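Architecture and fold: a report
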Amino acid sequence: NGGPNAINGEHTSPELSPLKTLREDSVRNVGTSDTLDGEVKKKRYSSDKGYFIAKEILMTERTYRKDLEVINLWLRDEFNKNDALSITNLLNIIDPLHDAHCLLLKEVELRLATWENRGAHHHKIADIFLKAVSNLQFYQDYLEQHQTVLEQLSKDLCNDSFEQMYTSFEKNKICYLPLTLFILKPVQRLLHYIQLIDRLMKHYSYEHPEYEDFETAKFKLLECTKNIHTILQYSENYVQLIELSRDISGFEGILTEGGRHFIRQGCLSKFSQRKGFQQRMFFLLSDMMLYSNLCGQTFKVHGQMPISSLTVQEREDNPTPNSFIIYSGTRAITVSANSPEEKDKWLEDIARAIEESKNITKQTSLLSLKCSSSADDVNEKCGEDTVRATPQRSNTTVHVCWHRNTSISLNDQIRAAQNQLSGYLLRKFKNSNGWQKLWVVFTNFCLFFYKTFQDDAPLASLPLLGYCVTTPTEKDNINKDYVFKLQFKNHVYFFRAESEYTFGRWMEVIGSATQHSGRIRLFSRKESTLETKIINS
């Protein structure tokens, strides 16, 4: 997430500004601390990686419970008198998951407490996973039925009264992500369980007394999830189309119909004879390419080009860096990306979309645009159909792409779904002296900050698209262990983890959100395409 004023880095929406909110908290000495929860025990457990993997299970389970409660408690209460089919069916399939998970979380909390009190030689953790897999039937039902819920939700959102009620719920600070992203959490959690078991099995040897139990739990998870990557691909795509439908305006048509695929969204500068290069938001779908301009809190579509008629030309003699020409029928538009990497991403995805469109026999219908005038000729004033939006609608990933002048693809979204993390960190601003302890949740390319894991709503958020994650330099004068540095232009944050393992995990998951937006291309475009196929296989 990111705000409409987040051009220079930090989130600046009135409700979720990390600089404003957290600095005010520092003044009030709320949650200020120079030690983490595990710091006193750090020397005792610093060599036991298994303990910190187990602690990651606990920390992420706590966040997962909160995410389930957004639907099973808060949404249920909001829609208790509404009989919309999508909400009714969603509550039916998530309720048994929430009940089972609450019991599992209690087990994990007791186990970690026992581990810390009795020492590293008196612990067990594999049986926790065996209990988790005993609930796999609930997950199996969810995997089979949640896509139907998403399809029903897309239809229900066409009803004005439902859409208003749904939008009203998303205004709640507890709903810190678009609601559709919470629907995907149980699917993503199954993948996280497999990753956590793999880390424990890699850490422990075959001789470890629990190794066979780990193998049993993993086998059962793999049996339940053998089609999960296909399921996740479909569901992530469908969610992107639902959210895109709510982020753009100025057209008639339903984006989720016709088997359409979302490919990439992001900024390109479009050339006009009158105004030169102007920033525009482009959306690449499997059957069309849309371009739009930010109008209020939504993006108003001003042009569409069928993929089947697209061709692209690079001009070596073009004086504008990173520019290329997109042809569609008799129309030609010149666009420019903000870096060679961004240009290559767009060219690769457009070329792949054109190639794949040749194999599609059934063509989808183009949208009916309400405004046929060019985006270059549009007055800065916006029409009445562009306003109604929630705080989240102005802070979605598409808005972060706009203000950070970058783009993301469906593959980026799927990769992000598999890289989520929670836990306590110490945070320090570039020019501040002290460290502040915060409960931090990383999801959907964004850090969300809480005072404690028990808080329902975040104090602040920091969108990470465009940021780079590194370790501090000598000039930063950070004389602490396990510190990583986040920087976007002149905006700098330092975060301190409690162990080498935890530090490595935060670097890993944040790197998954930040590296794609500024990666150094080590291969040719053909080799890069091959690399993408390998990642997705």
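Everything below is about the structure printed above this text.
Report follows, based on the coordinates. Not measured: the values here are computed from a predicted model. (Residues numbered from 1 in each chain as written. Predicted model: local features only at pLDDT ≥ 70, side-chain atom pairs only at ≥ 80, totals over all residues. Heavy atoms only, no water.)

1. Topic: the sheet that holds strand β13 (residues 436-443)
Spatial ordering of the open sheet is given by β15-β14-β13-β12-β18-β17-β16, a layout of 7 strands whose pairing is antiparallel. The sheet is open, and its two borders are formed by β15 (460-463) and β16 (468-470), each paired with just one other strand. Strand-to-strand twist of the sheet, defined as the mean angle between neighbouring strand axes without regard to direction, takes the value 35 degrees. Here strand β14 (residues 446-450) pairs with β15 via 4 bridges, running antiparallel. Bridge pairing links Phe448 to Ser461 in β15. (Pairing = 2+ DSSP bridges. Helix = DSSP H or I, 4+ residues; strand = E, 2+ residues; numbered from the N terminus. Axes fitted to C-alpha atoms, helices over the stretch in contact; angles between N-to-C directions.)

2. Re the side chain of Glu236
Inspection of the secondary structure puts Glu236 in helix α11 (residues 228-247). Buried within the structure, Glu236 lacks any salt-bridge partner; its nearest side chain of opposite charge belongs to Lys185, at an N-O separation of 8.4 Å. Apart from the residues lying within four places of it in its own chain, the contact partners of Glu236 are Leu184, Gln188, Leu410, Gln413, Ile414 and Ala417. (Buried < 20%, exposed > 50% of the residue type's maximum accessible area, 1.4 Å probe, protein only. Lys, Arg positive; Asp, Glu negative; His and termini not counted. Salt bridge = Lys/Arg side-chain N within 4 Å of Asp/Glu carboxyl O. Contact = heavy atoms within 4.5 Å.)

3. Side note on the packing of helix α9 (residues 185-203) against α11
Axes are the key here: two packed helices are described by the angle between their axes and the distance separating the axes. In the contact formed by α9 and α11, the axes pass within 11 Å of each other and the chain directions differ by 145 degrees. Our pair here, α9 against α11, has a crossing hand that is left-handed. Contacts between α9 and α11 involve Val187, Gln188, Leu190 and Leu191 from the first element and Ile228, His229, Leu232 and Glu236 from the second. Looking at the contact of α9 with α11 residue by residue, the classes come out as 5 nonpolar, 2 polar and 1 charged. (Left-handed = near helix turned anticlockwise from the far one by under 90°. Nonpolar A, V, L, I, M, F, W, Y, C, P; charged D, E, K, R; others polar.)

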